[in-house]
Amino acid sequence: RPAILSDLDFIITANDAINAANDVKTPSALAAILQHDIFSDTPKAFVVIAEKNGQSIGLALYSPVYFANSGQSVWVSNLYVEPDHRKQHVARDLI
């Protein structure tokens with residue numbers, strides 16, 4: 001399902017987990033940046049959320065891009081699934 005503003009905490013938590021796994025520091029202003037870039041009237045990126053039993057278990061953060069040879073496409077910049085739900089096709093379903 002498309003993300004809504006109340007998903008922001010989960011989006012930040014998932015981003016923190018991705019950054020930690022890659023030894024990257026999360027920007028201190030991330031919440032404000034994501035809120036503006038995803039939930040504004042003119043979003044720069046979009047998020048879809050995977051749920052199980054009403055709990056968020058994964059997400060894909062993506063944005064539109066344009067390639068000269070192939071036209072418009074989508075760039076998935078973050079793909080995250082909670083550890084307990086991996087190897088259950090959640091990431092595949094998000095894509």
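Look up a bit, the structure's there.
S.K.: Please explain the pattern of salt bridges as it appears in this structure.
M.R.: Side chains that differ in sign of charge can pair as their charged atoms come close. Scanning the model with the defined rule gives 4 salt bridges in all. Residue R1 is joined to E51 by a salt bridge in which the shortest nitrogen-to-oxygen separation is 3.0 Å. Here the residue R1 occupies a position in the segment before α1 (8-21), and E51 occupies one in strand β1 (residues 46-52), the gap between them amounting to 50 residues. In the salt-bridge network here, residues are joined through shared partners; they are R1, D7 and E51.

S.K.: I tried to follow the layout of surface pockets on my own but got confused; where do I start?
M.R.: Vacant regions in the atomic arrangement are exposed by a probe of water-molecule size rolled over the atoms. Approximately 150 Å³ is the volume attributed to the largest pocket. Among the secondary structure elements, those contributing two or more residues to the lining of the largest pocket are α1, α2 (30-39), β2 (55-67) and β3 (71-81). Of the residues that constitute the lining of the largest pocket, the class distribution is 9 nonpolar, 3 polar and 2 charged.

S.K.: Whenever I open this one, the sheet that holds β2 confuses me. Can you help?
M.R.: In a beta sheet, neighbouring strands are held together by backbone hydrogen bonds and run either parallel or antiparallel to one another. The 3 strands lie next to each other as β1-β2-β3, forming an open sheet whose pairing is antiparallel. At either margin of the open sheet sits one strand with a lone partner, and together these are β1 and β3. For this sheet, the mean angle separating the axes of adjacent strands, direction not counted, is 25°. Sheet strands in contact with α1 are β1, β2 and β3, and its direction is about 80° off that of β3.

S.K.: I tried to follow the side chain of N15 on my own but got confused; where do I start?
M.R.: Here N15 shows up in helix α1. Classification of N15 as buried rests on a relative accessible area of 13%. Setting aside anything within four residues of it in sequence, one finds N15 in contact with T26, L30 and N78.

About the criteria used
Residues numbered from 1 in each chain as written. Predicted model: local features only at pLDDT ≥ 70, side-chain atom pairs only at ≥ 80, totals over all residues. Heavy atoms only, no water. Salt bridge = Lys/Arg side-chain N within 4 Å of Asp/Glu carboxyl O. Helix = DSSP H or I, 4+ residues; strand = E, 2+ residues; numbered from the N terminus. 1 Å grid on protein atoms, 1.4 Å probe; cavity = no way out; pocket = protein on both sides within 12 Å on 5 of 7 lines; lining within 4 Å. Points joined across faces, edges and corners; volume = space filled by probe spheres on them. Nonpolar A, V, L, I, M, F, W, Y, C, P; charged D, E, K, R; others polar. Pairing = 2+ DSSP bridges. Axes fitted to C-alpha atoms, helices over the stretch in contact; angles between N-to-C directions. Contact = heavy atoms within 4.5 Å. Buried < 20%, exposed > 50% of the residue type's maximum accessible area, 1.4 Å probe, protein only.

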